[in-house]
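Understanding the architecture of this molecule
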Amino acid sequence: MARYAYDRLTALDNSFLILERPSAYMHVASTLVLEAGPLAKPDGGIDADAIKNRVASALHLIPRYRQKLAYVPFTSQPVWVDDDHFNLDYHIRHSALPHPGSDDQLKRLSARIMQQHLDRGRPLWEMWIVEGLSGGRFAIVSKVHHCMIDGVSGMDLLKILLSAFPENEVGEIPQFIPRPAPSGVELLMDETSRWMRLPYDTARDVGSFLRAAQNTRREIFTRARAVAETLGASLSTASATPINADIGPHRRFDWHVMDVAEVKLVRKGLGGSLNDIVLTVVTGAVRRFLQRRFVDPNRIDFRVLAPVSVRHEDERGSLGNRVSAWVVDLPVGEEDPRRQLELISKTTAELKASRRAVGAEVLTQVAEWTPSTLLSLAGRNMTRLLPFNMVVTNVPGPQFPMYMLGAKLIDTFPHVPLMDNLGLGIALLSYNGKLCWGFNADYDLVPDLSAFVRAIRESFEELRRLSQAAMAAQASALPAEAPADAPAETLAEPRAVPEPGAGLGALIGDRPGAVAAAAAVAPVEAEPAAAPRRTKKAAGAATRGNGTVLHS
């Protein structure tokens, strides 16, 4: 048995380290707004020590949070090793707004916290407790490097730290005994051995695929076609827009909240999937924003990167990245919102049928055979040729209230990182009947971020009015009720509401080449899960993180 322990980063996880620049951090983040509840102190502050102890009691469930990076000599291949000088006080920070702090002040503070790089000599995460928020609230700003988690595994983490019940007891804090880390020579020997086994491992994986495929010939053809389509989409560049230029180190952060029930009513009236509605809202907002910047949207080929989770059920609760991505054309040149929705629904249905996400996943697997130094060279150049203009990622969250030691979570606003030439990114997270939007923008490229958020509201309101009109017209077309004494066989069947069209699949937040950039966001899934029955057993399962989520 080996005298040391470490975990090797996958090529996908490593790509997020490679994509990081002085002006482009690669951590995913979120701003959680909570009621103070039992955590309120008599002086108006927040019991930050209780929160720190709660985190400490859960760290044994997420060992990556006490590991740091080490590197294989001569190869630049990163690995995870236990941090033998781990100090929780470094990672849990306590701050405050001038009371009574406003939401605008919290947005500015969140942006400043997020724009600071994580220290690569320590475990790559921080959690800021921010008190002083008006209305008896406080906030937690969480940031975790994208090489550690994607959107779905991030939600799994949230379920570990929070509870489905308003209990305020801190569990036992197990003692942490770090495992011995390997020396540079031992890491080099292990990496050399891995490369020597690579031909055998590759042949074994191919053999497993051939045995598992029900129709080998068709599956090989499908995957080859998906790879070709993915490469074709990746090699074409998107149009230049005012939000696609060199970014600086400073950020603006804003948010918006929608009622999931209202979004579903729009879907019911107009068709499409929930994800199609989200992308149509973004399309209308981008069109308005471009016109506000005196850019003709009819001349723009605007594309968004939509991360897609490829995490299997047996991988739920594990950290790391298991995401692929689609590049979706948004019809910003189309003025009619209904026509926009039709075009987007058609595009997402075609993407789902073509299994484009499989192609991106295959390319990611191929990257495992590529030396880290070559991946670094590719990563330094690929952001100049991005085939998309914006990242839009949507992560499903729990559809029931969550608590931190009895303090109820009100809203949680996700944050997707920006890369070179991407001045604006959108992340969404559904929680307890709400759809929480987070907007991250370069400070100088998008000084009018509030105008874009306003355009999101206007775009959705337009869709909502059209949906109400469509449902009203449909209701008026139904036959009048037959007299009570009419024979049953003469009663007309009411016309059924059309079923929603195909959507982005796992869309509603770290790949070499365009595929690597694709994953710089948290992934999405089609619909938020329904609220579970509020039993102690069900909630216990949720808090153990063995289901969906906490990015990007």
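Up top is the structure.
In this text, all values refer to a predicted model and were calculated from it rather than measured experimentally. (Residues numbered from 1 in each chain as written. Predicted model: local features only at pLDDT ≥ 70, side-chain atom pairs only at ≥ 80, totals over all residues. Heavy atoms only, no water.)

Thoughts on the packing of aromatic side chains
We describe a pair of aromatic rings using the distance from one ring centre to the other and the angle between the two ring planes. Enumeration over the complete set of coordinates arrives at eight aromatic pairs. Consider the rings of Phe439 and Phe452, whose centres lie 6.0 Å apart with planes at 75 degrees: the pair is edge-to-face. Of the two residues, Phe439 is situated in strand 15 (residues 434–442) and Phe452 in helix 13 (residues 449–477); the sequence distance between them amounts to 13 residues. Phe452 matches Phe439 in its accessibility class, with the two residues each being buried. In this structure an aromatic cluster arises from ring pairing among Phe289, Trp437, Phe439 and Phe452. Of note, Arg93 hangs over the ring of Tyr90, and the distance from its end group to the ring centre comes to 4.6 Å. The aromatic ring of Tyr443 is capped on one face by Arg252, whose charged end is 3.6 Å from the ring centroid. (Phe/Tyr/Trp six-rings, centres within 6.5 Å; stacked < 30°, edge-to-face > 60°. Helix = DSSP H or I, 4+ residues; strand = E, 2+ residues; numbered from the N terminus. Buried < 20%, exposed > 50% of the residue type's maximum accessible area, 1.4 Å probe, protein only. Lys NZ or Arg CZ within 6 Å of the ring centre and 35° of its normal.)

Quick notes on the sheet that holds strand 6 (residues 125–133)
One open sheet holds the six strands; their spatial order is 5-6-7-2-13-12, and the pairing between them is mixed. For this open sheet the edge positions go to strand 5 (92–101) and strand 12 (403–404), each flanked by a neighbour on one side alone. Judged from the two bridges that link them, strand 12 and strand 13 (residues 407–415) form a sheet pairing that is antiparallel. Bridge pairing in strand 13 places Met404 opposite Ala407. Sheet strands in contact with helix 4 (residues 103–114) are strand 2 (27–35), strand 5, strand 6, strand 7 (137–145) and strand 13, and its direction is about 155 degrees off that of strand 5. (Pairing = 2+ DSSP bridges. Contact = heavy atoms within 4.5 Å. Axes fitted to C-alpha atoms, helices over the stretch in contact; angles between N-to-C directions.)

A short note on unusual backbone geometry
Following His99, the chain continues to Pro100 via a peptide bond in cis, the omega torsion being -5 degrees. Note that Pro100 resides in strand 5. Unlike most non-glycine residues, Asn421 shows phi in positive territory, near 70 degrees. With respect to the helices, strands and loops of the structure, Asn421 is situated in the loop between strand 13 and strand 14 (424–431).

A few points about the pairing of strand 6
Extensive coverage of strand 6 is indicated by the burial of nine of its nine residues. Strand direction decides the pairing type here: strand 5 and strand 6, joined by six bridges, are parallel. Of the residues in strand 6, the one forming a bridge with His94 is Ile129. What joins strand 5 to strand 6 is helix 4, and the crossover it makes is right-handed. As paired strands, strand 6 and strand 7 are joined by seven bridges and run antiparallel to one another. Along strand 7, the bridge assignment pairs Leu133 with Arg137. Linking two consecutive strands that pair antiparallel, namely strand 6 and strand 7, is a turn of three residues; a positive phi of about 75 degrees is found at Gly135 within it. (Right-handed = clockwise from strand over helix to strand, strands pointing away.)

Here we look at the nonpolar core
Counting residues in hydrophobic clusters, the biggest one holds 61 residues, and the most contacted among them are Leu39, Trp125 and Phe138. The greatest single-element share of this core, amounting to six residues, is contributed by helix 2 (residues 48–58). Leaving out residues up to four positions away in the same chain, Trp125 has contacts with Val55, Leu59, Tyr65, Phe86, Leu88, His91, Ile92, Leu118, Lys143 and Val144. One finds Ala24, Val295, Leu424 and Leu449 within the second-largest nonpolar core, a separate group that totals 48 residues. (Core = buried A, V, L, I, M, F, W, Y, C linked by side-chain atoms within 4.5 Å.)

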